Amino acid sequence: MNNQDMFITLEAFEEAKEYWLDHLSGPLQEILLDADFPRSKKYRPETLTSVFPEQITARLTDISRGNDLSLFVVLLTLFNMLV
């Protein structure tokens with residue numbers, strides 16, 4: 001395979017684009033999945049608030065920055081490890 005075969009031409013790209021736009025147009029098909037058990041309509045989610053000591057917050061921030069991660073991802077990872 002040479003380099004020319006590896007690149008799609010603009011014309012071929014436009015044809016493929018038109019095909020997929022036409023193929024995927026229209027309303028989305030509704031997917032109905034059976035629940036594994038009946039869900040309660042009384043469920044009311046709550047919020048749990050916790051404040052970490054300043055030293056822990058600074059360390060978590062250092063970890064997130066040092067690994068190019070968001071603080072959310074670091075906390076979610078810690079939560080998953082805990083669970």
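The structure under discussion appears in the preceding block.
What you see is a predicted model, and the numbers here were worked out from it, not measured in a lab.

Glancing now at the side chain of S64. Its place among the elements puts S64 in helix 3 (residues 54–66). You can call S64 buried: its relative accessible area is 5%. S64 has contacts with L69, S70, L71 and V74, leaving out every residue within four places of it along the chain.

Attention now moves to the packing of aromatic side chains. In this description, a pair of aromatic rings is defined by centroid distance and the angle of the planes. For the structure on display, the rule yields one aromatic pair. Between Y19 and W20, the ring centres sit 4.9 Å apart and the planes meet at 80 degrees, which makes this aromatic pair edge-to-face. Here Y19 falls in the partly exposed class, since its relative accessible area comes to 47%. The class for W20 is partly exposed, based on a relative accessible area of 46%.

Turning to the packing of helix 3 against helix 4 (residues 71–82), a few remarks are in order. At their nearest, the axes of helix 3 and helix 4 sit 9 Å apart, and the two run at 110 degrees to each other. Here helix 3 lies roughly perpendicular to helix 4, going by the angle between them. Helix 3 and helix 4 meet at a crossing whose hand is right-handed. Of helix 4, the residues touching helix 3 (which contributes L60, T61, I63 and S64) are L71, V74, L75 and L78. Taken together, the residues that form the contact of helix 3 with helix 4 break down as six nonpolar, two polar and no charged.

The rules behind each value
- Residues numbered from 1 in each chain as written.
- Predicted model: local features only at pLDDT ≥ 70, side-chain atom pairs only at ≥ 80, totals over all residues.
- Heavy atoms only, no water.
- Helix = DSSP H or I, 4+ residues; strand = E, 2+ residues; numbered from the N terminus.
- Buried < 20%, exposed > 50% of the residue type's maximum accessible area, 1.4 Å probe, protein only.
- Contact = heavy atoms within 4.5 Å.
- Phe/Tyr/Trp six-rings, centres within 6.5 Å; stacked < 30°, edge-to-face > 60°.
- Axes fitted to C-alpha atoms, helices over the stretch in contact; angles between N-to-C directions.
- Parallel < 35°, antiparallel > 145°, perpendicular 65-115°, else oblique.
- Left-handed = near helix turned anticlockwise from the far one by under 90°.
- Nonpolar A, V, L, I, M, F, W, Y, C, P; charged D, E, K, R; others polar.

Fair warning: the whole summary comes from geometry, so function is off the table for now.
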